[in-house]
Amino acid sequence: MIHSSSMGMNIQPHLDNNNLIVIRVAQPRTEKAESDHDAHLNGFFEDIISITSEFKPSALIFDELTPYTSFKDQNLFQDTFMEVIEFLEDNRVTSLFVFQKEAASAATPTFDLISKNSTGNIELIPPKNRMEQKKGVISISPNIGHSEGAFSAEYSMIPNHQILFHTHKTIEKPNFYDFTTFLNKLGEKLELVKKKKSTSNLFMFRVDSQSRHNQKINIEQLERAVRVATRTEDINCLHDDTLYIYTSRNQSENLNGIFALSEQLEQLLKHVTVTNLEINDTFENAEHIIQSIDNNILTHHNQFLNN
């Protein structure tokens, strides 16, 4: 109540109408013997399931989870946490678990488990010097289901006001490059293909000129939609009206990944020409690859979308 009031939020009406229920959870008892320490912590997670079953909320916020994750047996914690997550998902409950940054650094396996099994992660980084700097940074890193990708913004907290957000910016993925750098990396990949006598693939998405002229789509929209299908080992490039994706995955994996179309991507591809080029040791250099896929797109319009 005090914290919400200081941020300009009056939650009392929501409490009175039972739209919001606040439950105080006891801190774990540190004097518990090691033999029943994990069982003691496990009970708190069982309470989450019991409370959810009783009140049937649409959303659950646990602030904060850190003291309840210090299991001696990490396998037991994993099983316990996943049981809670699956229960919440089955009951269509949106969940938010708060975890201390300092504790996250000290308990990496625990934090990694929570992070990897979440839809996404929100990190609040306060100002280093609160006396001189009033703005912190909030970063949101989705794991699944968000074509926008990761992004960050500055935030500030002013007494009697809600949190204010400033200057939104997309976090660049490390595998997106300018065209010159992309050609260099493509050349390096070609050398590996020749050395290993293997094959790889280069996909090209090109926005149709008429759609671009009518402002139905731009290449940035396409890039955001395709971004979630790329992997960290892929190398990608936005150049003029074209998106290149180089991947060592085989064709079936590409079809199941890049072309497992979301509704958004399916709509965008009505305005895009797509082709794929298998890269092998017959290519001379990166420029030869780009020239070949340019020629290929003229004769194989959306070839994979017709499969």
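Keep in mind it's a predicted model, so treat the numbers as computed, not measured.

*Asks:* So what exactly am I meant to see when it comes to the sheet that holds strand 7 (residues 176–177) here?
*Replies:* Sheet strands pair via backbone hydrogen bonds, and the direction of the pair is either parallel or antiparallel. Read from one edge of the open sheet, five strands run 7-9-10-8-11, paired in mixed fashion. Sheet topology places strand 7 and strand 11 (272–279) at the edges, where each strand pairs with a single neighbour. The sheet contact formed by strand 8 (residues 200–207) and strand 11 spans eight bridges and is antiparallel. The residue of strand 11 that forms the bridge with Arg-206 is Thr-273. Sitting on the sheet, helix 7 (residues 179–196) touches strand 7, strand 8, strand 9 (235–239), strand 10 (242–247) and strand 11, and the angle it makes with strand 9 is about 145°.

*Asks:* What exactly am I supposed to notice about the side chain of Thr-80 here?
*Replies:* The residue Thr-80 is located in helix 4 (residues 74–90) in this model. Of note is the side chain of Thr-80, whose polar atom sits 2.7 Å from the side chain of Asn-42.

*Asks:* Would you mind going over unusual backbone geometry with me for this structure?
*Replies:* Excluding glycine, most residues fall at negative phi; most peptide bonds, likewise, are trans. The omega torsion of the bond from Asp-63 to Glu-64 falls at 0°, within 30 degrees of zero and hence cis. In this structure, Lys-56 takes a positive phi of about 50° despite not being glycine. Mapping Lys-56 onto the fold places it in the loop between helix 3 (34–55) and strand 1 (59–62). Judged by relative accessible area, which is 66%, Lys-56 ranks as exposed.

*Asks:* Would you explain helix 4 in this entry?
*Replies:* Along an α-helix, a turn takes 3.6 residues, which lines up residues three or four apart on a common side. With 17 residues, helix 4 should reach 24 Å at 1.5 Å per residue; the first-to-last C-alpha distance of 24 Å fits that figure. Arg-92 sits one or two residues past helix 4 and shows a positive phi near 55°.

Criteria and thresholds
- Residues numbered from 1 in each chain as written.
- Predicted model: local features only at pLDDT ≥ 70, side-chain atom pairs only at ≥ 80, totals over all residues.
- Heavy atoms only, no water.
- Pairing = 2+ DSSP bridges.
- Helix = DSSP H or I, 4+ residues; strand = E, 2+ residues; numbered from the N terminus.
- Contact = heavy atoms within 4.5 Å.
- Axes fitted to C-alpha atoms, helices over the stretch in contact; angles between N-to-C directions.
- Polar contact = N/O pair within 3.5 Å; in protein donor to acceptor, adjacent residues only side chain to side chain.
- Buried < 20%, exposed > 50% of the residue type's maximum accessible area, 1.4 Å probe, protein only.
- Expected span 1.5 Å × (residues − 1).

By themselves, these are just geometric observations and shouldn't be taken as functional.
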